[in-house]
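# A look at the structure
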Amino acid sequence: MNKTKSFSISKKIIGEAYKRVKANKGAAGVDNESLEDFEENLENNLYKIWNRMSSGSYFPPPVRTVEIKKDETRKRKLGIPTVADRIAQMMVKIYLEPSIEPHFHSDSYGYRPGKSAIQAVGKARELCWQNDWVLDLDIMGFFDNLDHEITMMLLRKHTECKWIILYIERWLKAPAQQKDGTLVERTKGTSQGGVISPLLANLYLHYAFDKWMQENYPTISFERYADDIIVHCQSEKQAYWIKARITERLAEFKLELHPKKTNIVYCKDGKRKGNYKNEKFDFLGFEFRPRKAKSKYGNFFLGFNPAVSKVAIKRMYQKIRDWRLQKQTSRTLEEIARHINPVVSGWLNYYGKYYKSALYPIVNHLNRKLVKWAIQKYKRMKGSQRRATKWLNRIKRKEPNLFAQW
């Protein structure tokens, strides 16, 4: 460490930050510099970041704004920092996270070490069996509306480190660059896509929601993944009551519940009688609703369970269309497998955890695409779906692990 610098920041930390950013990959920011470009002068580029941060002269560049499809009607704005800025943010995260993480609630699952989305889904499934009702919360534009002043106040509860406070404040205020190049000043919100944003989001909602629920309503269970929150209730009356309390609480943190997308849901199963308007909800890519299930004794019953959601299925079909497999005739079967397997394995490992049979249509669709590829590639199979199917089945028997869906 250098005694002449304003801040004592270990040089070792920047190497670790770079490795983590590299592992996460990601697109270029406003400077169009990719990870590969950054690595061409790696040592010098890392030194520049460390030097500027240590002297207090590091100012984050604008964040590149891109839009991705959230669902059928909505788009989500992502803010993509430059590679250098992601490394700078990762340095702060490495220092800050260990001091904040132990304070977080055990049922907060988003972007935390040792926690995952599938754990949150499993917890929701378990608690839906124990409670008849669910309050499915939708916070309007959470990442866009996170209050800067409140965020900085909460941050100071956990650190007195001046350089961490300084740079987080600068990141919160860094302008967003639109597609046409115009800069938009930010007076609230944190860029969804920034390295430090998930940690700040968890800190904010820990105080706005988790800790408050734990202290005031300890008998009401919930699970939260970033800003996706499910609250479990004993009765419809309790669900309406706690919704009103949560609405008041979030208003104190300058947040609002979406009036149409926040729903009270009846967790109907074979033992719970009556019919209600809402008997299903989506959470982290799964649709929870009444479904036929089989007991360990072989008996069928109606349970309230998760399976891959219609929205997630639609995204998978779109991804398969984007691959245009039947047009990839210049590739070998092995090359196609290497190209699609990482994505398909991810689908099967995640969505196959509960009600795996809901994925069969996707698997069959993907295999039909491979049949079409074989028909296009090989003259001897031209126009014969039967011949192409038999050929692929022979390969499947010989190499059952070639494709993830096999």
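Refer to the preceding data block for the structure.
Figured I'd write up the structure that's included with this text. Residue indices begin from 1 for each chain and proceed along its sequence in written order. Per-residue local features of the predicted model are confined to residues with pLDDT of at least 70, and side-chain atom pairs are confined, for both listing and counting, to 80 or more; whole-chain, interface and lining totals are unaffected and use all residues. By convention in this description, side-chain values take in all heavy atoms of the structure and omit both hydrogens and water.

What follows is about the environment of tyrosine 266. Within the secondary structure, tyrosine 266 sits in strand E8 (residues 263-266). Along the sequence, tyrosine 266 and phenylalanine 281 sit 15 residues apart, while their C-alpha atoms lie 9.4 Å from each other. We call two residues in contact when some of their heavy atoms are within 4.5 Å. Discounting chain neighbours no more than four positions away, the residues touching tyrosine 266 are Asp132, Trp133, Arg272, Lys273, Gly274, Tyr276, Asn278, Glu279 and Phe304. Under the scheme used here, helices are H or I runs from DSSP no shorter than 4 residues and strands are E runs no shorter than 2 residues, and both carry numbers assigned from the N terminus.

Below, the discussion takes up the environment of glycine 141. Within the element layout of this structure, glycine 141 appears in the loop between strand E3 (133-138) and helix H6 (142-145). Exposed residues in this analysis have more than 50% of their type's maximum accessible area, buried residues have under 20%, and partly exposed residues fall in between, with area computed by a 1.4 Å probe over protein chains only. For glycine 141, a relative accessible area of 37% translates into the label partly exposed. Sequence separation between glycine 141 and aspartate 227 is 86 residues, and the spatial gap between their C-alpha atoms is 9.3 Å.

Another point: the pattern of salt bridges. A side-chain nitrogen of Lys or Arg and a carboxyl oxygen of Asp or Glu constitute a salt bridge if their distance falls within 4 Å. Enumeration over the complete set of coordinates arrives at 16 salt bridges. With its nearest N and O atoms 3.8 Å apart, the salt bridge here joins aspartate 269 to arginine 272. Arginine 272 carries the same exposure label as aspartate 269, and that label is buried. Glutamate 287 is the salt-bridge partner of arginine 291, the closest N and O atoms lying 3.6 Å from each other.

What follows concerns the packing of helix H1 (residues 11-24) against helix H3 (residues 42-55). Interaxial distance between H1 and H3 falls to 10 Å at its minimum, and their mutual angle equals 120°. With respect to each other, H1 and H3 are oriented oblique. Both H1 and H3 take part in a crossing whose hand is right-handed. Only Leu42, Leu46, Tyr47, Ile49 and Trp50 of H3 make contact with H1, whose side of the interface consists of Lys11, Ile14 and Tyr18. All residues other than Ala, Val, Leu, Ile, Met, Phe, Trp, Tyr, Cys, Pro, Asp, Glu, Lys and Arg, Gly among them, are scored as polar; the first ten of these are nonpolar and the last four charged. Considering only residue class, the contact of H1 with H3 consists of seven nonpolar, no polar and one charged. Fitting a line to C-alpha atoms yields each axis, with helices limited to the stretch in contact; the angle taken between N-to-C directions then spans 0 to 180 degrees. To sort the angles, those under 35 degrees are grouped as roughly parallel, those over 145 as roughly antiparallel, those from 65 to 115 as roughly perpendicular, and the leftovers as oblique. Crossings are sorted by hand: turned counterclockwise from the far helix by less than a right angle, the near helix makes the crossing left-handed, and turned clockwise it makes it right-handed.

For the pair helix H4 (residues 83-100) and helix H8 (residues 162-173), interaxial distance at closest approach is 11 Å and the crossing angle is 135°. Taken as axis vectors, H4 and H8 run oblique relative to one another. Two packed elements cross with a definite hand, and for H4 against H8 that hand is left-handed. Only Trp163, Ile164, Ile168 and Trp171 of H8 make contact with H4, whose side of the interface consists of Asp85, Ala88, Gln89, Met91, Val92, Tyr95 and Leu96. By residue class, the composition of the contact of H4 with H8 is nine nonpolar, one polar and one charged.

Side-chain atoms within 4.5 Å are what join buried Ala, Val, Leu, Ile, Met, Phe, Trp, Tyr and Cys residues into a set we call a nonpolar core. In this structure, Met53, Ile87, Ile168, Met213, Val231 and Ile246 are the most contacted members of the largest nonpolar core, which totals 71 residues. Looking at this core element by element, the count peaks at 11 residues for helix H9 (residues 197-216). The contact partners of isoleucine 87, leaving out residues within four places of it in the chain, are Ile14, Ala17, Tyr18, Val21, Phe38, Leu46 and Ile49. In terms of nonpolar packing, the next biggest core, distinct from the first, is built from 52 residues, Val134, Phe283, Phe304 and Met381 among them.

Judged by pairing direction, the sheet is antiparallel, and its four strands sit side by side in the order E6-E7-E3-E8 without closing on themselves. This sheet does not close on itself; its edge strands, each paired only once, are strand E6 (222-225) and E8. Averaged over all adjacent pairs, the angle separating strand axes in this sheet is 20°, with direction ignored. The pairing of E3 with strand E7 (residues 228-233) spans six bridges and is antiparallel. The residue of E7 that forms the bridge with aspartate 138 is aspartate 228. Contacting E3, E6 and E7, H9 crosses the sheet at an angle of about 175° to E6. One bridge is not enough; two strands pair if DSSP finds at least two bridges between them.

For the rest of this paragraph, the subject is the sheet that holds strand E11 (residues 300-308). Strand pairing in a sheet relies on backbone hydrogen bonds. The paired strands run either parallel or antiparallel. On the basis of which strands lie adjacent, the open sheet formed by three strands has the order E9-E10-E11 and antiparallel pairing. Where the open sheet ends on each side, the last strands, each with one partner, are strand E9 (281-283) and E11. The average undirected angle you get between the axes of adjacent strands in this sheet is 50°. Examined bridge by bridge, strand E10 (residues 286-294) and E11 share nine bridges and lie antiparallel to one another. Opposite arginine 289, over in E11, you have asparagine 305 as the bridge partner. Most of the contacts of helix H11 (residues 310-323) go to E11, to which it runs at about 50°, and overall it touches E9, E10 and E11.

Such coordinate-based values are descriptive only and should not be taken to indicate function.
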